[in-house]
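Observations on the three-dimensional arrangement
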Amino acid sequence: MGLILFDGVTLMDVAGPMEVFATANSVVAPAVAYRLRTYGVGGTAPVRSEAGVTLVPDAPLPRRPTVDTLLVPGGSGLRRPQVLAQVARTLARARPRCRRIVSVCTGAYAVAESGLAKGRRIATHWRFATDLAHRHPDVEVDARALFLQDNGLASSAGITAGIDLCLSLVEEDLGHATALAIARELVVYMRRSGGQDQYSEPLRLQSGTSDRIGDLVSGMLARPDADLRLDALAERAHLSPRQLQRRIAQRYDCSVTDLIARIRVQEAQRLLCGRQSIGEIAACCGYADIDAFSRAFLRRTGLRPSQWRARFAERAPVHGPVDSTGSEAFE
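Please read these numbers as outputs of a predicted model, since none were measured by experiment.

Tallying secondary structure elements over the protein gives 14 helices and eleven strands in all. Considering the protein as a whole, with its 331 residues, one finds that 49% of them fall into the buried category. Carbon and sulfur atoms make up 49% of the accessible area of the protein, which amounts to about 16,000 Å² in all.

Okay, here's the thing in structure tokens:
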């Protein structure tokens, strides 16, 4: 397992993945799951992260790395032309010798520059997606996904999404029980799937100013099962129904009905990651019955609740000890 370092690297893009793989080693002990090694673009000289923390590479960045997995983190330093060109060349040379090339956040710039993502779909931080797509029109840049995996090429959005991706890689290598044990050890969720949005609906809706509309929407987010009829909401906001419709349209570019559907479906997606029944979730989200819930969910997501749960929710943990017998190291 090789990880590339450079001046101006994002510290969490390094620390998050390293913690996941290092914890994997302790979980499957005494076998060693991953041999971790860092490579410096400038040799073994210390590099300074964007946060000001100094990191010391284990070795210079090889011309042709031969490792199972090679990971490039993001950071402003990577986007300097000379560094970007060097890392991109390294990734292109390494690909025939590596089972996986992985990018975290704006590490996707190097993957796109290398030509490995041509005609393929990669994830990056939503704030940089437009720029990356403009620079590389032959790459399908996904600004929404937390992470993606595509035939030896893995990519993620920023910071904590890198942890989600690495947990997924561990699950692929060592099984769900090991990945779940790591998630518990790190006190992170083993629930976020790559297809989920980087920028959640509640965060979008709560980004407005704190006024009567903002307070009303916060209340709707907190209690999607409450009385959300137009007249009741208008009374709560001390507005007429027509005024409320106009204010909602101005701020959220949608009708009150659509806003309610967005809030209720987003909450349903969250609850479907747990163990409540479909009927219980329908009631918690304010639907009269399962059929109404299923129709509303299908309209907004293209999936029925049971299909969404099967695709994105946490699977039942495997009981019993993790069998590490005969496990091979991933360098």
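Picking up where we left off.
On to the sheet that holds strand β10 (residues 147-150), then. Ordered in space as β5-β2-β1-β6-β7-β11-β10, the seven strands form an open sheet in which the pairing is mixed. Every interior strand has two partners, whereas the edge strands, β5 (59-60) and β10, have only one. Pairing of strand β1 (residues 2-5) with strand β2 (residues 37-40) involves four bridges; the strand directions are parallel. Following the sheet pairing, Gly-2 is matched in β2 by Arg-37. Strands in contact with helix α1 (residues 11-27) are β1, β2, β6 (69-72) and β7 (100-104); relative to β1, the strand with the most contacts, it is inclined by about 165 degrees.

Here we take up the pairing of β1. What you see with β1 is no split at all: Gly-2 and Ile-4 on one side and Leu-3 and Leu-5 on the other are buried throughout. Examined bridge by bridge, β1 and β6 share two bridges and lie parallel to one another. The residue of β6 that forms the bridge with Gly-2 is Leu-70.

Packed helix pairs are characterised by how far apart their axes lie and by the angle those axes make with each other. Contact geometry for helix α5 (residues 160-174) and helix α6 (residues 176-186): axes closest at 7 Å, N-to-C directions at 145 degrees. In this structure, α5 contributes Leu-167, Val-170, Glu-171 and Leu-174 to the contact, and α6 contributes His-176, Thr-178, Ala-179, Ile-182 and Ala-183. Per-class residue counts for the contact of α5 with α6 are six nonpolar, two polar and one charged.

For the rest of this paragraph, the subject is the side chain of Ser-103. As for its position among the elements, Ser-103 is in strand β7. With relative accessibility at 1%, the residue Ser-103 sits in the buried group.

Moving on, we come to the nonpolar core. In this structure, Ile-4, Leu-70, Val-87 and Leu-91 are the most contacted members of the largest nonpolar core, which totals 62 residues. When residues of this core are assigned to their parent elements, the largest contribution, seven residues, is made by α5.

The residue Arg-37 is located in strand β2 in this model. In the structure, Arg-37 is positioned 30 residues away from Val-67 in sequence and 9.6 Å away in space, judged by C-alpha atoms. Not counting the four nearest positions on each side in its chain, Arg-37 is found in contact with Met-1, Gly-2, Leu-3, Asp-58 and Ala-59.

Moving on, we come to helix α9 (residues 230-237). Every buried residue of α9 is accounted for by Ala-232, Leu-233, Ala-234 and Ala-237. Looking one or two residues past α9, His-238 carries a phi angle of roughly 60 degrees, positive in sign.

For the rest of this paragraph, the subject is a positive patch on the surface. On the surface, Arg-63, Arg-64, Arg-89 and Arg-97 cluster together into a patch of positive charge. Counting through the fold element by element, Arg-63 comes out in the loop between β5 and β6.

Moving on: the pattern of salt bridges. The final tally for this structure, using the stated rule, is twelve salt bridges. Residues Arg-99 and Asp-68 are paired through a salt bridge, measuring 2.8 Å at the closest nitrogen-oxygen approach. Of this pair, Arg-99 sits in the loop between α2 (81-94) and β7 while Asp-68 sits in the loop between β5 and β6, and the two are 31 residues apart along the sequence. Given a relative accessible area of 34%, Arg-99 falls into the partly exposed group.

With respect to the helices, strands and loops of the structure, Gln-269 is situated in helix α11 (residues 256-271). Relative accessible area serves as the criterion here: at 17%, Gln-269 is assigned to the buried category. Apart from residues lying up to four places away in sequence, Gln-269 is in contact with Phe-297, Thr-301 and Trp-308.

Once that is clear, we can look at the confidence of the model for the protein. Averaged over every residue, the pLDDT of the protein is 86; residues scoring 70 or more account for 86%. Taken together, the stretch residues 315-328 has pLDDT below 50 and engages in 19 contacts with residues farther than four places along the chain or on a different chain.

About the thresholds
Along every chain, residues carry numbers that run from 1 in the direction the sequence is written. With pLDDT at 70 or above as the cut-off, local features in this predicted model cover only qualifying residues; side-chain atom pairs require 80 or more to be listed or tallied, and sums for whole chains, interfaces and linings still use all residues. Calculated side-chain values reflect all of the structure's heavy atoms, with hydrogen atoms and water omitted. Secondary structure is summarised from DSSP: a helix means a run of H or I of at least four residues, a strand means a run of E of at least two, and numbering begins at the N terminus for each. Residue exposure (1.4 Å probe, protein chains only): buried if accessible area is under 20% of the type maximum, exposed if over 50%, otherwise partly exposed. Note on areas: Shrake-Rupley with a 1.4 Å probe; residue coverage comes only from the protein chains shown. DSSP bridges decide pairing: two strands pair if at least two such bridges lie between them. Residues count as neighbours in contact if any of their non-hydrogen atoms are within 4.5 Å of one another. Helix axes are fitted to C-alpha atoms over the stretch in contact, other axes to C-alpha atoms as well, and angles between N-to-C directions run from 0 to 180 degrees. Amino acids are sorted into nonpolar (Ala, Val, Leu, Ile, Met, Phe, Trp, Tyr, Cys and Pro), charged (Asp, Glu, Lys and Arg) and polar (every other residue, Gly among them). Residues belong to a common nonpolar core when they are buried Ala, Val, Leu, Ile, Met, Phe, Trp, Tyr or Cys residues joined through side-chain atoms within 4.5 Å. Each patch is built from residues lacking any salt bridge and having more than 30% relative accessible area; the joining distance is 9 Å for like charges and 5 Å for nonpolar side chains (Val, Leu, Ile, Met, Phe, Trp, Tyr). Each salt bridge in this description consists of a side-chain nitrogen of Lys or Arg and a carboxyl oxygen of Asp or Glu lying within 4 Å of one another. Under the counting rule used here, the positive set is Lys and Arg, the negative set is Asp and Glu, and His together with the chain ends is not counted. For charged residues, the charge sits on one atom: NZ in Lys, CZ in Arg, CG in Asp, CD in Glu. Per-residue confidence from the predictor is reported as pLDDT, a score between 0 and 100.

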